[in-house]
Amino acid sequence: MTLPTTRVSFPGGAVTGESTVLAVHPLGDGRWGVVTADTPFHPLDHTWPDQPADTGTLTVAEGGVELAVVDCLTGAVDPSNGELLVGADIPVRRGDEAWSWLVLHVLAEQAAGSADSAQSLVGRQVTLSVDAERRAALSAAHTGCHLLALALNAALAARWRKDPGRADAFGNPDFDSLAMASSVMDTEASTDVYRLGKSLRKKGFTAEAADDLPALAEALPAITTDVNERLAAWVAADAPVRIEVPGPELTARRRWHCELPAGPADIACGGTHLHRLGQLAALETELTLSADGTELTAVTRPKRS
Ligand SMILES: [Zn+2]
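Predicted model only: the values in this text are computed from it and were never measured. (Residues numbered from 1 in each chain as written. Predicted model: local features only at pLDDT ≥ 70, side-chain atom pairs only at ≥ 80, totals over all residues. Heavy atoms only, no water.)

Student: I'm lost on the sheet that holds strand β14 (residues 263–268) in this one. Help?
Tutor: With respect to topology, three strands assemble into an open sheet ordered β12-β13-β14, the strand pairing being antiparallel. Looking at which strands have only one partner, the edges of the open sheet turn out to be β12 (241–244) and β14. When the angles between neighbouring strand axes are averaged without regard to direction, this sheet yields 25°. Taken together, the four bridges between β12 and strand β13 (residues 255–260) define a ladder with antiparallel strand orientation. (Pairing = 2+ DSSP bridges. Helix = DSSP H or I, 4+ residues; strand = E, 2+ residues; numbered from the N terminus. Axes fitted to C-alpha atoms, helices over the stretch in contact; angles between N-to-C directions.)

Below you can see the structure in the form of structure tokens.
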């Protein structure tokens with residue numbers, strides 16, 4: 001199978017589009033993955049699965065049959081044998097240039113009918129429509145996730161006894177990327193888990209009390225207040241957000257940009273985002289430390305206006 005890498009319009013915020021079905025791939029359990037040349041659907045990334053997939057519908061132009069898209073996955077075609085692999089089965093990192101990278105629109109069991117009727121979609125013109133409400137909620141959570149990273153880096157800057165050699169856009173030690181264990185969004189919040197282990201301590205971070213520094217557990221309420229004040233100020237400033245898109249392909253190396261009052265910030269990102277922080281009424285995080293002190297969790301909830 002030779003297929004071109006899917007061209008995507010979700011980074012610009014699109015939720016609808018038209019395209020041609022290039023292939024229909026069996027996923028087992030009666031489900032099918034529909035590949036189109038272009039799509040507004042954001043698939044779950046197999047390398048860094050932080051933002052859940054879009055859902056929506058796929059409508060066949062002729063006849064107007066509407067099929068539910070219940071999930072959206074990343075597929076990749078192995079250049080050595082033409083085999084299409086899906087999600088966790090893909091053995092290479094996103095963007096490996098020898099492979100083709102595909103958005104698979106997953107049709108529910110029965111939606112596509114028999115194998116023959118599923119395959120009959122190939123070559124047809126379709127209209128792709130993303131569930132815009134779900135997308136908006138996921139975008140708000142994703143934008144909140146990146147802002148939390150910057151606010152947390154600032155609030156924890158005093159806890160570094162030496163320069164870890166990685167700074168964020170504002171010059172603060174990049175606690176977010178150095179300690180990140182997992183980051184997952186849903187339609188309500190972004191949940192970011194940070195590991196405060198030996199390797200972070202070696203890089204210079206301290207959770208212990210020092211001369212002018214309370215222990216992290218003790219300082220947590222003040223750190224939470226500090227982070228939330230920063231988030232509130234950024235939301236109040238209605239800072240514009242955009243995604244820098246070097247090319248239309250799914251695998252293009254995109255970057256999230258936000259014009260914050262202190263200056264521009266940018267973070268590598270494959271997801272979807274708000275256009276302005278004024279689309280939020282509020283953004284608040286809750287920080288908790290595990291009982292053994294080795295894990296810090298931030299649950300960041302956007303309230304959309
Ligand atoms: Zn991101």
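Following the structure, the description resumes.
Student: For this particular structure, what's the right way to read the pairing of strand β10 (residues 180–185)?
Tutor: For a regular strand, the rule is simple: side chains alternate between the two faces of the sheet. Summarising the sheet, β10 and strand β11 (residues 190–195) pair through five bridges and their orientation is antiparallel. Residue pairing in the sheet places M185 in a bridge with S190 of β11. Between β10 and the antiparallel strand that follows it, β11, lie four residues.

Student: Mind showing me how you'd approach a positive patch on the surface here?
Tutor: Positive charge collects at one region of the surface, where R161, K162, K198, R201 and K202 lie side by side. With respect to the helices, strands and loops of the structure, R161 is situated in the loop between α2 (132–155) and α3 (175–179). (Patch = residues over 30% accessible without salt bridge, like charges linked within 9 Å, V, L, I, M, F, W, Y side chains within 5 Å. Areas by Shrake-Rupley, 256 points an atom, 1.4 Å probe, with all protein chains shown as cover. Salt bridge = Lys/Arg side-chain N within 4 Å of Asp/Glu carboxyl O. Lys, Arg positive; Asp, Glu negative; His and termini not counted. Charge placed at Lys NZ, Arg CZ, Asp CG, Glu CD.)

Student: Would you mind showing me how to read the packing of aromatic side chains here?
Tutor: How two aromatic rings sit relative to each other is set out by the distance from centre to centre and by the angle between their planes. A complete count under the given rule lists four aromatic pairs for this structure. Summarising the aromatic geometry, the rings of W99 and W101 are spaced 6.5 Å apart at their centres and angled 35° between planes, so their arrangement reads as tilted. The two residues W99 and W101 agree in class, both being buried. For the ring pair F175 and Y194, a centre distance of 5.0 Å and an interplane angle of 45° mean the geometry is tilted. On the criterion of sequence distance, the pair formed by F175 in helix α3 and Y194 in strand β11 is long-range, its members being 19 residues apart. (Phe/Tyr/Trp six-rings, centres within 6.5 Å; stacked < 30°, edge-to-face > 60°. Buried < 20%, exposed > 50% of the residue type's maximum accessible area, 1.4 Å probe, protein only.)

Student: Would you explain helix α5 (residues 216–236) in this entry?
Tutor: What sets the pattern is the α-helix's 3.6 residues per turn: residues three or four places apart point alike. If you check α5, its first and last C-alpha atoms are 28 Å apart, about what 21 residues at 1.5 Å a residue would give, namely 30 Å. Considering bend angle alone, the principal kink of α5 is centred on A222 and spans about 35°. Among all positions of α5, only L216, A219, L220, I223, T224, V227, N228, L231, W234 and V235 are buried. Structurally, α5 contributes buried residues whose contacts are with α2, β13, β15 (280–289) and β16 (295–304). Taken from the residues just after α5, D238 is the one with a positive phi, measuring 50°. (Expected span 1.5 Å × (residues − 1). Bend = angle between axes of the 7 residues up to and from the residue. Contact = heavy atoms within 4.5 Å.)

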